[in-house]
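Structural characterization, general
Residues per chain are reported as follows:
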Amino acid sequence: MKRIGVIGLGQRIAHVLAAMEESGWSLRVAGHVDPSPVGLPILAEAGIDPGRAYADPQSLLADGPFDLVMIGSPNHLHLAHLEAALDAGYPVFAEKPIVRTPKESFALARRLARAGGPPLFIGLVMRSMPLVREVIARVDAGELGELISMDATEHLHPEHGAYLARNWRRKAEWGGSFMLDKVCHDFDIFGRLVGARPARVASFGGRRIFHPGAADRPRHYEDGSPAYALRDAGWMAANDPFHSDMDLFDHQTALVHYENGVALSFHANSHVNLQERRWYLAGSHGTLVADLVRNRMLFRPTLDRRRPERLDFATRTADLHNGADQAMAADLLAALDDASRFPVTPWDSLEAGLTVMAIDEAALTGEVVDCTPIWRGLDEARGAEA
Ligand SMILES: NC(=O)c1ccc[n+]([C@@H]2O[C@H](COP(=O)([O-])OP(=O)(O)OC[C@H]3O[C@@H](n4cnc5c(N)ncnc54)[C@H](O)[C@@H]3O)[C@@H](O)[C@H]2O)c1
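Residues numbered from 1 in each chain as written. Predicted model: local features only at pLDDT ≥ 70, side-chain atom pairs only at ≥ 80, totals over all residues.

Brief notes about the site of the ligand
Selection criterion: Each residue gets a C-beta atom placed from its backbone. If that atom is within 6 Å of a molecule or strand, the residue is near it. For this classification, Asp, Glu, Lys and Arg are treated as charged, while Ala, Val, Leu, Ile, Met, Phe, Trp, Tyr, Cys and Pro are nonpolar and the rest, including Gly, are polar. All domain edges in this entry derive from an automatic or database-based domain assignment.
If you check the shell around the ligand, you find 26 residues, and the closest are G10, Q11, R12, E95 and W235. Here the residues of the shell around the ligand sort into 11 nonpolar, 10 polar and 5 charged. Per-domain counts for the shell around the ligand show at least three residues from each of domain 1 (2-126) and domain 2 (129-379).

Set out below in structure tokens:
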């Protein structure tokens, strides 16, 4: 039985723990640190005891040994919680984004480059999705030929957007940014597919949906049901998505030019009624569309007039993770037991985060950002301790 300690027992870690149980883990949560654990009802529904409540990470970690320490706190606390858990020496699972700023990324890179630390697994859960694994395998096998260009979207329904505008994710000091919290997953996969780092990025965005000037918009759907009120917004929540003190974007676009010439455009909006998360990959020899909402893939070689190949993946779930949580739980167990490698490394996670941070810098400055200094900073931090 695996003995687990939790720092930040929110909705996400509770869902991951439930998925771990579902996928065959034998586990016991020995204790947790959280001033007001939002995830307790989810754990209760899964029949998992939250263990003893500790006042701070140090007292929890002093009560080891743990087979796994899980970190699910808001993003601004990740670095401090990671450093404490890594110092304690137990294997760590931490939610994405791994950290929130370039400065934190370089500090963590220096810490990770030191020899002899425990394994660190980051919850970039899309890496474990069967659909995403298939896309990666097709690209790696050369079925698309050379990757030329891509476009991608993530469009959220109004309740999800309103949740982001009320939850701690609404403020840069806690969440980082709209894109960092939501789509570091996608940029991790794009980096993996392209096989190169971004060279230059441009981006535009704004807060034109959830702001006081739009507060007199209708608050009901056409059938009378209330809009914008899906779930408890938890730690540091604001009451009203239109009147909150949000200082982040609610929609954003980005252009990325990778070092090997691949071009990408990205579009995200948090208030749509035709939900979409879709990647369109155009290669020299084939075209692939991954529809992550419908859990479906289309592929056709470029010079082929027959019907496209269509793969429908069986699982579709309301959280849109479509079975990925259970798959990640299985990957995590296999990695802990040394049966196989976890599909994503902390270094991949740092690169995905830094890519989105460069995009945000471009949006805030209105300039095209040259990414060279960012990668130099990361490589120097890694090399300084290696
Ligand atoms: N991989 C995914 O798909 C995915 C999905 C959702 C969230 N996440 C990530 O998981 C993390 C948590 O998000 P969430 O949706 O569960 O948020 P949440 O608001 O539900 O949970 C955050 C928890 O952290 C607790 N907390 C606040 N201050 C703390 C402190 N000082 N020490 C310990 N705990 C503290 C809060 O009380 C709350 O219970 C974030 O990093 C988020 O980006 C990942």
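Okay, back to it.
Quick look at the packing of helix α5 (residues 102-113) against helix α11 (residues 346-365)
Cut-off, in case you're wondering: Note on geometry: axes are lines fitted to C-alpha atoms, helical ones only across the stretch in contact, with angles between N-to-C directions running from 0 to 180 degrees. A run of H or I in DSSP counts as a helix once it spans at least four residues, and a run of E counts as a strand once it spans at least two, with each numbered from the N terminus. These descriptions rest on fixed angle ranges, namely under 35 degrees for roughly parallel, over 145 for roughly antiparallel, 65 to 115 for roughly perpendicular, and the rest for oblique. Note: crossing handedness is left-handed where the near helix turns anticlockwise from the far helix by less than a right angle, and right-handed where it turns clockwise. Note on contacts: residues are paired as contacts if their backbone-placed C-beta atoms lie within 7 Å.
For the pair α5 and α11, the least separation of the axes is 10 Å and the interaxial angle reads 165°. Relative to α11, α5 is oriented roughly antiparallel. Pair α5 / α11 crosses with left-handed handedness. Where α5 approaches α11, its residues P102, S105, L108, A109 and L112 are matched on the opposing element by P346, L350, G353, L354 and M357. Residues that form the contact of α5 with α11 fall into these classes: 8 nonpolar, 2 polar and no charged.

Structural notes on the domain arrangement of the protein chain
What the domain assignment lists for the protein chain is domain 1 (2-126) and domain 2 (129-379). Distance from the C-alpha centre of domain 1 to the C-alpha centre of domain 2: 23 Å. Each partner contributes to the interface: domain 1 provides 37 residues, whereas domain 2 provides 39 residues. Counting only elements with at least two residues in the side of domain 1 that touches domain 2, the list comes to α1 (11-22), α5 and β6 (120-122).

Focus on α1
Our working definition: Each residue after the first adds 1.5 Å to the expected span of a helix. Burial is judged by counting other C-beta atoms within 10 Å of a residue's own C-beta: 20 or more means buried, 12 or fewer means exposed, and anything between counts as partly exposed, with every C-beta placed from the backbone.
Along its 12 residues, α1 runs 16 Å from first to last C-alpha, staying within 8% of the 16 Å computed at 1.5 Å per residue. Of the residues making up α1, those classed as buried are R12, I13, A14, V16, L17, A18, A19 and M20. On its buried side, α1 packs onto β1 (2-7), β2 (27-33), α2 (40-45), β4 (68-71) and α10 (324-336). Backbone geometry just downstream of α1 places G24 in the positive-phi region, at approximately 100°.

Overview of unusual backbone geometry
Phi is mostly negative for residues that are not glycine, and the peptide bonds are mostly trans. Cis geometry is adopted by the peptide bond preceding P65, which originates at G64 and carries an omega value of 0°. Turning to its location among the elements, P65 is positioned in the loop between α3 (57-61) and β4. Across the junction of K96 and P97, the peptide omega takes the value -15°, indicating a cis bond. By the element assignment, P97 lies in the loop between β5 (92-94) and α5. Not every positive phi belongs to a glycine, and N295 is a case in point at roughly 55°. Judged by the 22 C-beta atoms lying within 10 Å of it, N295 is buried. Within the chain, D338 stands out as a residue other than glycine whose phi angle is a positive 60°.

Regarding the sheet that holds strand β14 (residues 309-312)
Just so we agree on the cut-off: Paired strands, in this sense, are two strands between which DSSP finds at least two bridges.
The strand order across the open sheet formed by 9 strands is β14-β13-β12-β11-β7-β10-β9-β8-β15, and the pairing between neighbours is mixed. Each end of this open sheet is capped by a strand with a single partner; those strands are β14 and β15 (369-370). Note: strand β7 (residues 147-155) against strand β10 (residues 263-269), 7 bridges, orientation parallel. Residue pairing in the sheet places M150 in a bridge with L264 of β10. Each of β7, β9 (251-258) and β10 touches helix α9 (residues 178-194); the most contacted strand, β7, lies at about 160° to it.

Describing the sheet that holds strand β3 (residues 52-54)
With respect to topology, 6 strands assemble into an open sheet ordered β3-β2-β1-β4-β5-β6, the strand pairing being parallel. If you trace the sheet from one side to the other, it starts and ends with β3 and β6, each paired once. Here the average twist between neighbouring strands, direction ignored, is 25°. Two elements, β5 and β6, share 3 bridges in a ladder whose sense is parallel.

Some details on the pairing of strand β12 (residues 286-291)
Burial along β12 is one-sided: the face carrying G286, L288 and A290 is buried and the face carrying T287, V289 and D291 is not. Here strand β11 (residues 276-283) pairs with β12 via 5 bridges, running antiparallel. By the bridge assignment for β12, R278 is matched with D291. Pairing analysis gives 6 bridges linking β12 to strand β13 (residues 296-301), with the strands arranged antiparallel. Note that in β13 the partner of D291 across the bridge is R296. Linking β12 back to β13 in an antiparallel pair, the connection comprises 4 residues, with N295 at a positive phi of about 55°.

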